[in-house]
Amino acid sequence: MRLTSSRLPLALAALVCTCLGVASAQTVIEPPGQRRPTPPSVPRVAPLPDSQWTDVHRQLIAKFAGDGLPGNAFATLLNVPELVEGVMPYTQYLSSESSLTPRHRELLILRTAWLHGNPSLWATHAPRARRAGVTETDLRRIARGPDTSGWGAFDATLLRLADQLHLNASITDATWKALSAEYDQFHLMDAVETVNHFTVLSLIYNAFGVQPDADSTDRLPSDVPYRVVVPKREPPLPSPRVVAPPGPGIAVGRTFGSYPALSQRWGPRQGFVNRVSKLTPRHREMLILRIGWNCRSEYEWAQHVGRVGRAREHGLDPVRIAEGPSAAAWDPFEKTLLRVADELFRDAVVSDATWRALGERFDVPLVMSAVMTPSAYRAISMSLNAYGVPLEP
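Quick look at the structure, then.

The rules behind the values
Residues numbered from 1 in each chain as written. Predicted model: local features only at pLDDT ≥ 70, side-chain atom pairs only at ≥ 80, totals over all residues. Heavy atoms only, no water. Helix = DSSP H or I, 4+ residues; strand = E, 2+ residues; numbered from the N terminus. Rg over C-alpha atoms; globule rule 2.2 N^0.38 Å. Buried < 20%, exposed > 50% of the residue type's maximum accessible area, 1.4 Å probe, protein only. Contact = heavy atoms within 4.5 Å. Areas by Shrake-Rupley, 256 points an atom, 1.4 Å probe, with all protein chains shown as cover. Expected span 1.5 Å × (residues − 1). Polar contact = N/O pair within 3.5 Å; in protein donor to acceptor, adjacent residues only side chain to side chain. Axes fitted to C-alpha atoms, helices over the stretch in contact; angles between N-to-C directions. Parallel < 35°, antiparallel > 145°, perpendicular 65-115°, else oblique. Left-handed = near helix turned anticlockwise from the far one by under 90°. Nonpolar A, V, L, I, M, F, W, Y, C, P; charged D, E, K, R; others polar. Phe/Tyr/Trp six-rings, centres within 6.5 Å; stacked < 30°, edge-to-face > 60°. Lys NZ or Arg CZ within 6 Å of the ring centre and 35° of its normal. Core = buried A, V, L, I, M, F, W, Y, C linked by side-chain atoms within 4.5 Å.

### Section: the overall build of the chain
Here is step 1: Along the backbone of the chain there are 18 helices and 0 strands.
Here is step 2: By the compact-globule yardstick of 21 Å for 393 residues, the chain fits well, its C-alpha radius of gyration being 20 Å.
Here is step 3: Dimensions of the chain, computed from C-alpha atoms along their principal axes, come out at roughly 60 × 50 × 45 Å.
Here is step 4: Looking at the chain residue by residue over its 393 residues, the buried ones come to 58%.
Here is step 5: Sequence separation of at least 24 residues holds for 76% of the intrachain contacts in the chain that already meet a minimum separation of 6.
Here is step 6: Accessible area of the chain: about 16100 Å², with a carbon and sulfur share of 55%.

As structure tokens, this is what we get:
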């Protein structure tokens, strides 16, 4: 049996098909957080040496690296200058300009780095955390998680926020209510977006093999067992937690637009994926839909099967996306792309075999775009689920 009626709500099409047995061959993806991520110990994408900097690169360094000395992460992104323009505005905002206190900000960033096993972000942000009042004992407690003795109730809630977004791509009502006891809407969104954007950075830095800077001394506590325990994921929200103001445009844009300072810095990241990246529309939508499926983001699925991504116009069958890379319909390279999304979701890194297969077809900018696309939409899926953005009429 196959459902083809265009009148069936697009958000539910693949889910209904699954229930009817159409997508019974779907690859079951193990959730993240089951084992310690192991990013490569050497760069896969080398930091761009200063001998290759153009005026464009120097302008980006002046704009985003205040001391004029880009570290390994920034220099790696310089391989695709447009990616710097997409990533750095939000990184700067969430690192130093959001409504959160420096302490709360660093707790969220470091827990996110720990969950993804990202050595570069940990090495960069551990010193910043100390300057914000985080002690050496606190740093080890961040790795041990929210149930470790010694945390205040709200600090533990912040760590639970990171854990739940990582494992479930959503937040429980209890956690949202606990955060709301101290945070207004802007603080709530800043907290969620800090975890989500540093998830993006963790994923792309892991995949690119970004190493800690030579002068950094902090390393992830390797002797702390990797353990992530969260409640079972709750059903989709019946009503939004963040209400989009009325007006033109789709609900996700209006939801982010309710916080202008945040939205202005968030926009370039989405713009890179949807308008700047040189991926073909078919490849882009494959990656977006697969990560949306893994995150169970109904809004994202609806928009990219439907009027935003127009998957069927690019020859994509949503049911085959749901079935994953094991579906017979895909050619070998398309299976590789779907594995990129699956591995980033499950393992927080792209495997060596998948990385090699990407490089056989794509040059470095396209490889970096293929990693950035599902990473960015991992984040937007978590935002959509956390805020309860409703399906479009």
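### Some details on helix α10 (residues 185-208)
Here is step 1: A rise of 1.5 Å per residue sets the reference length of α10, with its 24 residues, at 34 Å; its end C-alpha atoms lie 34 Å apart and thus fit the reference within 8%.
Here is step 2: Burial analysis of α10 places 21 of its 24 residues in the buried class, which makes it a mostly covered element.
Here is step 3: At the N-terminal end of α10, a side-chain oxygen is found 3.2 Å from the backbone nitrogen of F186, two or three residues along, and the residue is D184.
Here is step 4: A positive backbone phi angle near 75 degrees is found at G209, which sits one or two residues after α10.

### Some words on the side chain of R284
Here is step 1: Within the secondary structure, R284 sits in helix α13 (residues 281-295).
Here is step 2: In terms of polar contacts, R284 uses its side chain to reach the side chain of E285, at 3.0 Å.
Here is step 3: If we ignore the near neighbours within four places in the chain, the residues touching R284 are V273, N274, L279 and T373.

### Some thoughts on the packing of α13 against helix α14 (residues 298-305)
Here is step 1: Interaxial distance between α13 and α14 falls to 8 Å at its minimum, and their mutual angle equals 155 degrees. Relative to α14, the element α13 is oriented roughly antiparallel. Along this stretch, α13 crosses α14, giving a crossing that reads as left-handed. Of α14, the residues touching α13 (which contributes E285, I288, L289, I291, G292 and W293) are E300, W301, H304 and V305.
Here is step 2: Each residue belonging to the contact of α13 with α14 can be placed in one class, and the counts come to 6 nonpolar, 2 polar and 2 charged.

### What to know about the packing of aromatic side chains
Here is step 1: Evaluation of the coordinates by the stated rule reveals 9 aromatic pairs.
Here is step 2: A ring pair is formed by F256 and W266, whose centres lie 3.9 Å apart and whose planes are at 5 degrees; its orientation type is stacked. Here W266 lies in helix α12 (residues 260-276) and F256 lies in helix α11 (residues 251-257), a separation of 10 residues in the sequence. For the pair F256 and W266, one class covers both residues: buried.
Here is step 3: With 4.9 Å between their ring centres and 75 degrees between their planes, F333 and F362 make a pair best called edge-to-face. With F333 in helix α16 (residues 332-347) and F362 in the loop between α17 (352-361) and α18 (364-387), the pair connects residues that are 29 residues apart, well separated along the chain. As far as the burial class goes, F333 and F362 line up, both buried.
Here is step 4: Lying over the aromatic face of W151, R141 brings its terminal NZ or CZ to 5.1 Å of the ring centre.
Here is step 5: Over the face of the ring belonging to F333 we find R361, whose NZ or CZ atom lies 4.5 Å from the ring centre.

### A short note on the nonpolar core
Here is step 1: Of all hydrophobic cores here, the largest spans 110 residues; its most connected members are L161, F208, F362, M372 and Y387.
Here is step 2: Of the residues forming this core, the biggest block, 14 residues, is contributed by α18.
Here is step 3: Not counting residues up to four positions away in its chain, the partners in contact with M372 are L83, V87, V200, I204, R269, F272 and V273.
Here is step 4: Judged by nonpolar contacts, the second largest core, of 12 residues, contains A311, A327, W330 and L338.

### Thoughts on unusual backbone geometry
Here is step 1: Its identity as a non-glycine residue notwithstanding, A169 has a phi of 55 degrees, on the positive side.
Here is step 2: Following the sequence through the fold, A169 ends up in the loop between α8 (153-168) and α9 (173-180).

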